[in-house]
Amino acid sequence: MIKLNSKIKVALIKMNFIERYEHLSNKFNAERTPSEDRLIYIDGEEVMEMIQNLKYIPMFDAKEKFYKIKEEQMGKYTFGVHMVLRDGMVDMVWIVKENDNLLLGAPWSTYSRRILDRNYRIKKLIFGTYEDLEEIIEITFKMYEDFKRILMDTSDT
């Protein structure tokens, strides 16, 4: 497995990424929402509106079938979020480039394995309602903002 960039790893550890993701995974799990209760067919406009309500510019990549936000340039870094919604599950991907060099572009599920142990797994987030999905989006974008802030703060030192 490819190692995490050291700057990315430090920022993820400082923001308590693993604990926060585990908490979300434990809350939005298969026990709470069994497969027959998952929201399989999603209204894309609803999702776009949820993202817009958080003050991001949402887009949908029709070819690859994922939602994303307009990339943000902050100093030498470019940040982005990709979100795959499939079969009532959320797969988040954070994109980080430094001077156009890709530092991060992998799904959340790989972060814990790259930080702690390659066998350490945190399950994807599962949703059965638009309310669940909205809460997941709000929490994950709060985490994204914390991540960006911490990465910028630690990069300046």
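Located above this text is the structure these notes cover.
Here is a short report on the structure shown in this document. In this text, all values refer to a predicted model and were calculated from it rather than measured experimentally. (Residues numbered from 1 in each chain as written. Predicted model: local features only at pLDDT ≥ 70, side-chain atom pairs only at ≥ 80, totals over all residues. Heavy atoms only, no water.)

Topic: the pattern of salt bridges
In a structure, side chains of opposite charge can pair up when their charged atoms sit close to one another.
Point 1. Counted under the stated rule, the structure contains 11 salt bridges.
Point 2. Between arginine 20 and aspartate 146 there is a salt bridge, and its shortest N-O distance comes to 2.7 Å. Of the two residues, arginine 20 sits in helix α2 (residues 17-27) while aspartate 146 sits in helix α5 (residues 130-155), which places them 126 residues apart along the sequence.
Point 3. By relative accessible area, which is 25% here, arginine 20 ends up partly exposed.
Point 4. Salt-bridge contacts for lysine 142 lead to aspartate 146; the nearest nitrogen and oxygen are separated by 2.9 Å. Of this pair, lysine 142 and aspartate 146 both sit in helix α5, four residues apart, which is roughly one turn of the helix.
Point 5. Exposure remark for aspartate 146: the relative accessible area of 10% places this residue in the buried category.
Point 6. In the salt-bridge network here, residues are joined through shared partners; they are Arg20, Lys142, Asp146 and Arg149. (Salt bridge = Lys/Arg side-chain N within 4 Å of Asp/Glu carboxyl O. Helix = DSSP H or I, 4+ residues; strand = E, 2+ residues; numbered from the N terminus. Buried < 20%, exposed > 50% of the residue type's maximum accessible area, 1.4 Å probe, protein only.)

Side note on the packing of aromatic side chains
Point 1. Enumeration according to the criterion identifies 14 aromatic pairs in this entry.
Point 2. Geometrically, the ring pair formed by tyrosine 77 and phenylalanine 79 is tilted, given 5.9 Å between the ring centres and 35° between the ring planes. With respect to class, tyrosine 77 is no different from phenylalanine 79; both count as buried.
Point 3. With centroids separated by 4.8 Å and ring planes inclined at 20°, the aromatic side chains of tryptophan 94 and phenylalanine 147 adopt a geometry described as stacked. A residue pair is termed long-range when its members are at least 10 positions apart, and tryptophan 94 in strand β5 (residues 89-98) and phenylalanine 147 in helix α5 qualify at 53 residues.
Point 4. The class for tryptophan 94 is buried, based on a relative accessible area of 0%.
Point 5. Assessed through its relative accessible area of 0%, phenylalanine 147 is described here as buried. (Phe/Tyr/Trp six-rings, centres within 6.5 Å; stacked < 30°, edge-to-face > 60°.)

Some points on the environment of isoleucine 69
Point 1. Among the secondary structure elements, isoleucine 69 is positioned in strand β2 (residues 66-69).
Point 2. Take isoleucine 69: its relative accessible area is 4%, and that puts it in the buried class.
Point 3. Residues isoleucine 69 and glycine 80 lie 11 residues apart in sequence; the distance between their C-alpha atoms is 6.2 Å.
Point 4. In this structure, isoleucine 69 is in contact with Ile51, Tyr56, Ile57, Pro58, Met59, Gly80, Val81, Phe141 and Tyr144, ignoring residues within four places of it in sequence. (Contact = heavy atoms within 4.5 Å.)

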